[in-house]
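# Descriptive structure summary
The chain contents come next:
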Amino acid sequence: MIAAMMTASNLGARVTGWGFVVFTLGSIAWSVIGLSSGQTNLLATNGFLTLVNLIGVWRWLGKQRAYEDGGKSATEASRRSASPTLFTASGIAGMPVTARDGTSIGKAVEALIACEDAALSYVVIASSGVGGIGEELRAVARADLSFASDSLKLRREAAWFQALPPLADGDWPPAPE
């Protein structure tokens, strides 16, 4: 259960990777029980799960962690420069969003980029709800946002944001309204 919570929480490559380590330890333990008790089905199932979990460890503590570390190092170097200019594109998801008056709006969940010029078209922002339950998603045009290396600021008041129409699940517009 601990490993499942670690991998499902989506708290970054390290937490997910260590979740796979816990899964691996569990599947090895069950393999030993299967071997010592003669339960070949238990041994075969958990032997396969051990292989899958080791791939998860390699993927999340190896490759994905390296990707995240590279992006973080570029962001940190930018933050230390005279004028910070970088943050990771994948890092936009989860960034807090505040309105011009300082009111917390919610968090960014996705950014949509135009194919023809690779310009950011709009950001989807989740508001309300707890843990994704009851949240409302709204599309905010790039022109209505200011970016910092660890947050987004709406260039308008919170009431303007709340007046935007909520997005339907799975049916997002090709451009913001």
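A few points on the structure.

This part is about the overall build of the chain. The helix and strand tally for the chain stands at 4 helices and 6 strands. Start at the N end of the chain and walk to the C end: the helices and strands fall as α-α-α-β-β-β-β-β-β-α. For 177 residues, the compact-globule estimate of 2.2 N^0.38 gives 16 Å, and the C-alpha radius of gyration of the chain, at 21 Å, exceeds that figure by more than 25%. Principal-axis analysis of the C-alpha atoms gives the chain an extent of 65 × 40 × 35 Å. The burial tally for the chain puts 28% of its 177 residues in the buried class. Within the chain, contacts between residues at least 6 apart in sequence are counted, and of these 42% link residues at least 24 apart. Of the accessible surface of the chain, which amounts to about 10,800 Å², a share of 63% is contributed by carbon and sulfur atoms. Taken as two groups, the 14 positive and 15 negative side-chain charges of the chain have centres that lie 9 Å from each other.

With that settled, the discussion passes to the sheet that holds strand β2 (residues 104-113). Sheet strands line up and pair through hydrogen bonds in the backbone, either parallel or antiparallel. Within the open sheet, the 6 strands sit side by side as β4-β3-β2-β1-β6-β5. Their pairing is mixed. The sheet terminates laterally at β4 (136-141) and β5 (145-147), the two strands that pair on one side only. Direction aside, neighbouring strands of the sheet carry axes that sit 35° apart on average. Two elements, β2 and strand β3 (residues 120-127), share 6 bridges in a ladder whose sense is antiparallel. Considered in β3, the bridge of A111 is made with V123.

Our focus in this paragraph is the packing of aromatic side chains. Tallied over the full model, the rule gives 1 aromatic pair. Taking the ring centre of W60 as reference, the NZ or CZ of R59 above it sits at 4.9 Å. One residue, R138, lies across the ring of F161, its end atom 5.3 Å from the ring centre.

A word on the pairing of β4. Most of β4 sits inside the fold, with 5 of its 6 residues counted as buried. Two elements, β3 and β4, share 6 bridges in a ladder whose sense is antiparallel. Opposite A126, over in β4, you have L137 as the bridge partner.

Moving on, we get to the side chain of S27. As for its position among the elements, S27 is in helix α2 (residues 13-37). S27 gets classed as buried once you look at its relative accessible area, which sits at 3%. Ignoring anything within four residues of it in the chain, the contact list for S27 reads N46, L49, T50 and N53.

So, how was this worked out
- Residues numbered from 1 in each chain as written.
- Predicted model: local features only at pLDDT ≥ 70, side-chain atom pairs only at ≥ 80, totals over all residues.
- Heavy atoms only, no water.
- Helix = DSSP H or I, 4+ residues; strand = E, 2+ residues; numbered from the N terminus.
- Rg over C-alpha atoms; globule rule 2.2 N^0.38 Å.
- Buried < 20%, exposed > 50% of the residue type's maximum accessible area, 1.4 Å probe, protein only.
- Contact = heavy atoms within 4.5 Å.
- Areas by Shrake-Rupley, 256 points an atom, 1.4 Å probe, with all protein chains shown as cover.
- Lys, Arg positive; Asp, Glu negative; His and termini not counted.
- Charge placed at Lys NZ, Arg CZ, Asp CG, Glu CD.
- Pairing = 2+ DSSP bridges.
- Axes fitted to C-alpha atoms, helices over the stretch in contact; angles between N-to-C directions.
- Phe/Tyr/Trp six-rings, centres within 6.5 Å; stacked < 30°, edge-to-face > 60°.
- Lys NZ or Arg CZ within 6 Å of the ring centre and 35° of its normal.

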